[in-house]
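Residues per chain, in single letters:
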Amino acid sequence: MYQLIDGKKISAEIKEEVKAKVAEYKKQGVEITLAVIQVGNDPASSVYVGNKKKACEFVGIRSLSYELPEETTQEELLDLVKELNERADVNGILVQLPLPKQIDEETVLNTISPLKDVDGFHPMNVGALCIGKAGFVSCTPAGIIELLKRSDVDIAGKECVVIGRSNIVGKPMALLLLRENGTVTVTHSRTIDLKEVTSRADILVVAIGKPKMITAEYVKKGAVVIDVGIHRDANNKLCGDVDFDNVAEKCNAITPVPGGVGPMTIAMLMKNCVESVALQNI
Ligand code: NDP
């Protein structure tokens, strides 16, 4: 029988902890503010932004909302980011991705002050993670570490395999597992014999972006499997990168989709907003 790693429950616990911390800060006269910028009205982005604002409301963080038209120029967006960088009453700045094609995402993300980069995408924060210094960590991989720890999964000394090497999931995930003393292997589309490598994993983190690709033959018996993927299958049901029904019985523990990694991302964003206060006062 496998353990279902419950991201809904764990993310709710984290949000409660954040709420208590925010209330403590309020008593000391500190209000935490997150500025959320959306350019255009991509429906998926609107849902994500709406969920982030709701989470802010729940934990007691003030959110400032900037909804800019689709035709916004890069310069206009950069001016807004720079203005928010300067504002003492703004702790965190989040620019919802993707951005319209006339705007270079990297330039925008690199313009956000590293001290307000609650998404953890700025090269300074990625570098800090790399060399073990304080900084913001990308929310999804940070959430996965919380899922593992709060489900009593030991990472130290374990064979950890990450499938995917994106800047927002795979690479920071590998660095975080290494920070927790895992023995880490990163795989990608050029990996020769993926199954052979993943079959060694005590902890397998899957961020491929391919619906239900990981079946039982990729998984060692007794492994812990974390599924980052989010897709809709042929029946319009949410599914992950892992074929859950095929894999679950072989695992010691596994995350479902939905209700696994997904809810953790926003909870960790809220946690990063709270941590911004301390980082900004170092
Ligand atoms: P990317 O598309 O940026 O990266 C996918 C990675 O998978 C790449 O490194 C790619 O390798 C690798 N890959 C693709 N095909 C194969 C293959 N056949 N064998 C081995 N490796 C392969 O995706 P993201 O990291 O941004 O996201 C991954 C998934 O997680 C997506 O489904 C996304 O929707 C989801 N996601 C979920 C979040 C959440 O909150 N739950 C947050 C972020 C993402 P290469 O580098 O060689 O191309």
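Conventions used here
Residues numbered from 1 in each chain as written. Predicted model: local features only at pLDDT ≥ 70, side-chain atom pairs only at ≥ 80, totals over all residues. Heavy atoms only, no water. Domains from an automatic or database assignment. Pairing = 2+ DSSP bridges. Helix = DSSP H or I, 4+ residues; strand = E, 2+ residues; numbered from the N terminus. Contact = heavy atoms within 4.5 Å. Axes fitted to C-alpha atoms, helices over the stretch in contact; angles between N-to-C directions. Near = heavy atom within 4 Å. Polar contact = N/O pair within 3.5 Å; in protein donor to acceptor, adjacent residues only side chain to side chain. Areas by Shrake-Rupley, 256 points an atom, 1.4 Å probe, with all protein chains shown as cover. 1 Å grid on protein atoms, 1.4 Å probe; cavity = no way out; pocket = protein on both sides within 12 Å on 5 of 7 lines; lining within 4 Å. Sits in = over half its atoms within 2 Å of the grid points. Nonpolar A, V, L, I, M, F, W, Y, C, P; charged D, E, K, R; others polar. Patch = residues over 30% accessible without salt bridge, like charges linked within 9 Å, V, L, I, M, F, W, Y side chains within 5 Å. Salt bridge = Lys/Arg side-chain N within 4 Å of Asp/Glu carboxyl O.

**A look at the domain arrangement of the protein**
Interfaces are often sized by the accessible area lost when the parts come together. As far as domains go, the protein holds domain 1 (29-117) and domain 2 (139-262). Computed over C-alpha atoms only, the centres of domain 1 and domain 2 are separated by 29 Å.

**A short note on the sheet that holds strand β1 (residues 3-4)**
Taking strand neighbours across the sheet as the criterion, the six strands line up as β1-β11-β8-β7-β5-β6 in an open arrangement whose pairing is parallel. Each end of this open sheet is capped by a strand with a single partner; those strands are β1 and β6 (183-187). Summarising the sheet, β1 and strand β11 (residues 251-254) pair through two bridges and their orientation is parallel. The partner of Gln 3 across the bridge, within β11, is Ala 253. Contacts between helix α7 (residues 170-179) and the sheet are confined to β5 (159-163), β6 and β7 (203-206), with β5 contributing the most and set at about 170 degrees to the helix.

**Topic: the site of the ligand**
Taken together, 22 residues surround the ligand, and among them Arg 165, Ser 166, His 188, Ser 189 and Thr 265 come closest. Between Arg 165 and the ligand, the recorded distance is 2.8 Å, taken from a side-chain N or O atom to an oxygen atom. In the model, an oxygen atom of the ligand is placed 2.5 Å from a nitrogen or oxygen of the Ser 189 side chain. Burial of the ligand by the surrounding chains reaches 69%, relative to a free accessible area of 930 Å². Under a 2 Å grid-point criterion requiring more than half of the atoms, the pocket assigned to the ligand is the largest pocket. Taken together, the residues that form the shell around the ligand break down as nine nonpolar, ten polar and three charged.

**Some words on a nonpolar patch on the surface**
Among the surface-exposed residues, Tyr 48, Ile 230 and Leu 238 lie close enough to one another that they form a single nonpolar patch of about 280 Å² accessible area. Residue placement: Tyr 48 occurs in helix α2 (residues 43-59).

**Quick look at the pairing of β11**
Here strand β8 (residues 223-227) pairs with β11 via three bridges, running parallel. Of the residues in β11, the one forming a bridge with Ala 223 is Cys 251.

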